[in-house]
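# Architecture and fold: a report
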Amino acid sequence: QVQLVESGGGLVQAGGSLRLSCVVSGSTISINDVSWYRARELVARITSGGSTTYALSVKDRFTISRDNAKKTVSLQMNSLKAEDTGTYYCNADLVTRASWPTFQNYWGQGTQVTVSS
């Protein structure tokens, strides 16, 4: 069974850093775009080719990256602000043996980030 497993959330003071990870577990054929969302808003996205997109509110503070061999996408969050507080969800378009050749969209369970001011 394919799942997105997030980790790395926690409580941090304003100005601090956290690193979120999203691991794709289970058998997959292809991983396309992977994104992080907060409150249904896109925070960052990375394509299969490595192109990145960021929300204006996090640009120059957050960095999204992927390790295809480890099927992991990370979100490095620096200079955190109170308004970054929320539940962060990983979202990915995946091709599995069951869905081949079609991409299916998956969501993780979310990881809580709390930034104290």
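Above: the structure in question.
Residues numbered from 1 in each chain as written. Predicted model: local features only at pLDDT ≥ 70, side-chain atom pairs only at ≥ 80, totals over all residues. Heavy atoms only, no water.

### Comments concerning the overall build of the protein chain
- Across its full length, the protein chain holds 0 helices and 11 strands.
- Along its sequence from the N terminus, the protein chain presents helices and strands in the succession β-β-β-β-β-β-β-β-β-β-β.
- Its C-alpha atoms give the protein chain a radius of gyration of 14 Å, within 12% of the compact-globule value 13 Å for 117 residues.
- With the principal axes as the frame, the protein chain shows a C-alpha extent of 45 × 25 × 25 Å.
- Buried residues in the protein chain amount to 42% of all 117 residues.
- Considering only residue pairs separated by 6 or more positions, the protein chain has 57% of its internal contacts joining residues 24 or more positions apart. (Helix = DSSP H or I, 4+ residues; strand = E, 2+ residues; numbered from the N terminus. Rg over C-alpha atoms; globule rule 2.2 N^0.38 Å. Buried < 20%, exposed > 50% of the residue type's maximum accessible area, 1.4 Å probe, protein only. Contact = heavy atoms within 4.5 Å.)

### Quick word on the state of the cysteines
- Using the criterion set out here, one finds 1 disulfide in the structure.
- Put simply, Cys-22 and Cys-90 are joined by a disulfide, and their sulfur atoms are 2.1 Å apart. The sign of the -80 degrees torsion about the S-S bond sets the Cys-22-Cys-90 disulfide as left-handed. Separated by 68 residues along the polypeptide, Cys-22 in strand S3 (residues 18-25) and Cys-90 in strand S9 (residues 86-95) bring together distant segments of the chain. (Disulfide = S-S within 2.5 Å.)

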